[in-house]
Amino acid sequence: MAVAATACTTSNTSDGDGSASCAYRILHQNRTYEDVTNVTFTVGGKLGTATQPACDDTGGQEETLPADTMTAYEVNGVPPEVAIAVGDTPADARLVAVYSHKELPPEVQKLIDGS
């Protein structure tokens, strides 16, 4: 199933309260993955469970957003050590990759270039 990844944004309300601003990070197999947007990719088989860590940056509110678990999926043509897709179903999966915001792995860059 081919899926187009979409961007995740945060916002502030008009009364000054901000919404959660934690970066979208996923933990899977002792690796940390970060969100990659504007990429069309094909979801492969299930890899198991991934976790989005708890977020304590809730825009000034005193509560912490809890950790969330979801299914991790292969991304066709990309090793899972580089990128995976995560979501409750393959249709809502989003692409996440291991990178440091400096340079995407070449395998992920090829997906972007091919989109």
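Residues numbered from 1 in each chain as written. Predicted model: local features only at pLDDT ≥ 70, side-chain atom pairs only at ≥ 80, totals over all residues. Heavy atoms only, no water.

A. Focus on the overall build of the protein chain. The helix and strand tally for the protein chain stands at 1 helix and 7 strands. When the helices and strands of the protein chain are placed in sequence order, the string is β-β-β-β-β-β-β-α. By residue count, 33% of the 115 residues in the protein chain fall in the buried class. For the protein chain, the share of sequence-separated contacts (at least 6 apart) that also reach a separation of at least 24 residues comes to 59%. Accessible surface computed for the protein chain: about 6,800 Å², of which carbon and sulfur atoms make up 46%. (Helix = DSSP H or I, 4+ residues; strand = E, 2+ residues; numbered from the N terminus. Buried < 20%, exposed > 50% of the residue type's maximum accessible area, 1.4 Å probe, protein only. Contact = heavy atoms within 4.5 Å. Areas by Shrake-Rupley, 256 points an atom, 1.4 Å probe, with all protein chains shown as cover.)

B. How the structure looks around the nonpolar core. With 17 residues, the main nonpolar core has Val36, Leu95 and Val108 as its most contacted residues. Counting 9 residues, the second-largest nonpolar core is a separate cluster that includes Tyr24, Ile26, Ala50 and Val96. (Core = buried A, V, L, I, M, F, W, Y, C linked by side-chain atoms within 4.5 Å.)

C. Inspection of the side chain of Asp35 at higher detail. Note that Asp35 resides in strand E3 (residues 31-35). By relative accessible area, which is 14% here, Asp35 ends up buried. Within the local environment of Asp35, its side chain forms a polar contact with the side chain of Arg94, the two groups lying 2.9 Å apart. (Polar contact = N/O pair within 3.5 Å; in protein donor to acceptor, adjacent residues only side chain to side chain.)

D. Spatial organisation of the side chain of His28. Mapped onto the elements, His28 comes out in strand E2 (residues 25-28). For His28, a relative accessible area of 5% translates into the label buried. The contacts of His28, once residues within four sequence positions are left out, are Tyr33, Leu47, Thr49, Ala50, Ala72 and Ile84.

E. Main features of unusual backbone geometry. One non-glycine residue with positive phi stands out, namely Gln29, at about 50°. In this structure, Gln29 sits in the loop between E2 and E3. Residue class for Gln29 comes out exposed when judged on its relative accessible area of 53%. One non-glycine residue, Asn30, lies in positive phi territory at about 60°. Take Asn30: it is sitting in the loop between E2 and E3. Judged by its relative accessible area of 87%, Asn30 falls in the exposed class.

F. Structural view of the environment of Cys22. With respect to the secondary-structure elements, Cys22 resides in the loop between strand E1 (2-4) and E2. Here Cys22 falls in the partly exposed class, since its relative accessible area comes to 34%. On a C-alpha basis, the gap between Cys22 and Ala54 in space is 9.1 Å, while along the polypeptide they are 32 residues apart.

G. Spotlight on the pattern of salt bridges. Tallied over the entire structure, the rule returns 2 salt bridges. Ionic pairing is found between Glu34 and Arg25, a salt bridge with its closest N-O pair at 3.8 Å. Taking relative accessible area as the criterion, Glu34 reaches 10% and is therefore assigned buried. Between Arg94 and Asp35 there is a salt bridge; the shortest N-O distance is 2.9 Å. A residue pair is termed long-range when its members are at least 10 positions apart, and Arg94 in strand E7 (residues 94-97) and Asp35 in strand E3 qualify at 59 residues. (Salt bridge = Lys/Arg side-chain N within 4 Å of Asp/Glu carboxyl O.)

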